[in-house]
Amino acid sequence: DMWFYWFRGFFDSDGHAGFEEDEFGNRKKVSFSLTSSYEQNWDFVVDLFKELGIVNYQIYKRIHKNDKGKFSAIRINEFSEIKKFLDYIYQDKEYICLGRKYLIYKQIMENYNFRLNHPFFKHYDKN
């Protein structure tokens with residue numbers, strides 16, 4: 001299965017991932033989306049999400065005021081599910097990707113691993 005390369009390319013060109021921590025290292029915000037044309041059929045992404053166990057996603061369409069453009073997007077809002085998608089596309093560790101997006105993935109993984117192993121978060125964090 002080499003589809004993860006294709007999805008990585010899609011993410012590099014038309015994807016967004018964001019990650020922010022507060023001054024104490026607590027996860028403040030995490031976001032993920034893939035965008036495309038207004039008429040985009042997202043079934044192929046939904047099929048992948050199902051395969052990866054991602055169930056908390058939204059598809060939305062937007063038309064800008066004065067008809068200056070329109071697009072659609074699929075968005076994941078759950079931290080653990082964003083991680084599932086990013087783990088899938090970066091599974092080979094060959095680093096054939098846009099560096100800035102890969103660095104966001106590394107930030108997400110660092111935060112995830114810290115929370116997984118920290119005694120406080122280990123018992124109280126659900127994500």
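Each remark here, short or long, concerns the structure printed above.
Quick caveat, the model's predicted, so the values are computed rather than measured. (Residues numbered from 1 in each chain as written. Predicted model: local features only at pLDDT ≥ 70, side-chain atom pairs only at ≥ 80, totals over all residues. Heavy atoms only, no water.)

Visitor: Teacher, can you tell me more about the environment of Arg100 here?
Guide: When you line up the elements, Arg100 lands in helix α4 (residues 99-117). In this structure the C-alpha to C-alpha distance between Arg100 and Glu110, which are 10 residues apart in sequence, comes to 15 Å. (Helix = DSSP H or I, 4+ residues; strand = E, 2+ residues; numbered from the N terminus.)

Visitor: Just checking my understanding: could you explain helix α3 (residues 79-89) for this structure?
Guide: Residues lying three or four places apart along an α-helix face the same way, a consequence of the helix completing one turn every 3.6 residues. Extensive coverage of α3 is indicated by the burial of eight of its 11 residues. Where the residues of α3 are buried, they touch α1 (3-14), β1 (15-21), β2 (27-36), α2 (43-52), β4 (70-76) and α4. (Buried < 20%, exposed > 50% of the residue type's maximum accessible area, 1.4 Å probe, protein only. Contact = heavy atoms within 4.5 Å.)

Visitor: Would you take a moment to explain the sheet that holds β2 for this structure?
Guide: Within a sheet, each strand pairs with its neighbour through backbone hydrogen bonds, oriented either parallel or antiparallel. The strand order across the open sheet built from four strands is β1-β2-β4-β3, with neighbouring strands paired in antiparallel fashion. Two strands close off the open sheet at either side, each with one partner strand: β1 and β3 (57-63). Here the average twist between neighbouring strands, direction ignored, is 20 degrees. For β2 and β4, the ladder comprises five bridges, and the chain directions are antiparallel. Bridge pairing links Ser36 to Ser72 in β4. In this fold α3 packs onto β1, β2 and β4, with an angle of close to 50 degrees to the strand it touches most, β2. (Pairing = 2+ DSSP bridges. Axes fitted to C-alpha atoms, helices over the stretch in contact; angles between N-to-C directions.)

Visitor: I tried to follow the nonpolar core on my own but got confused; where do I start?
Guide: Most often, soluble globular proteins have nonpolar side chains that are buried together. Grouped together as the largest cluster of nonpolar side chains are 29 residues, with contacts concentrated most on Phe11, Leu34, Phe85 and Leu86. If you list the elements that add at least two residues to this core, you get α1, β1, β2, α2, β4, α3 and α4. Per-element tally for this core: the top contributor is α3, with six residues. Setting aside residues up to four positions removed in sequence, Leu86 forms contacts with Phe11, Tyr105 and Ile108. (Core = buried A, V, L, I, M, F, W, Y, C linked by side-chain atoms within 4.5 Å.)

Visitor: In this structure, what is going on with the packing of aromatic side chains? I would like to understand it.
Guide: Under the defined criterion, the tally for this structure stands at 20 aromatic pairs. Measuring from centroid to centroid gives 5.8 Å for Phe11 and Phe32, while their planes differ by 15 degrees, and the two rings are stacked. In this pair, Phe11 sits in helix α1 while Phe32 sits in strand β2, placing the two residues 21 residues apart along the sequence. Comparing Phe11 with Phe32, the two get one shared label, buried. (Phe/Tyr/Trp six-rings, centres within 6.5 Å; stacked < 30°, edge-to-face > 60°.)

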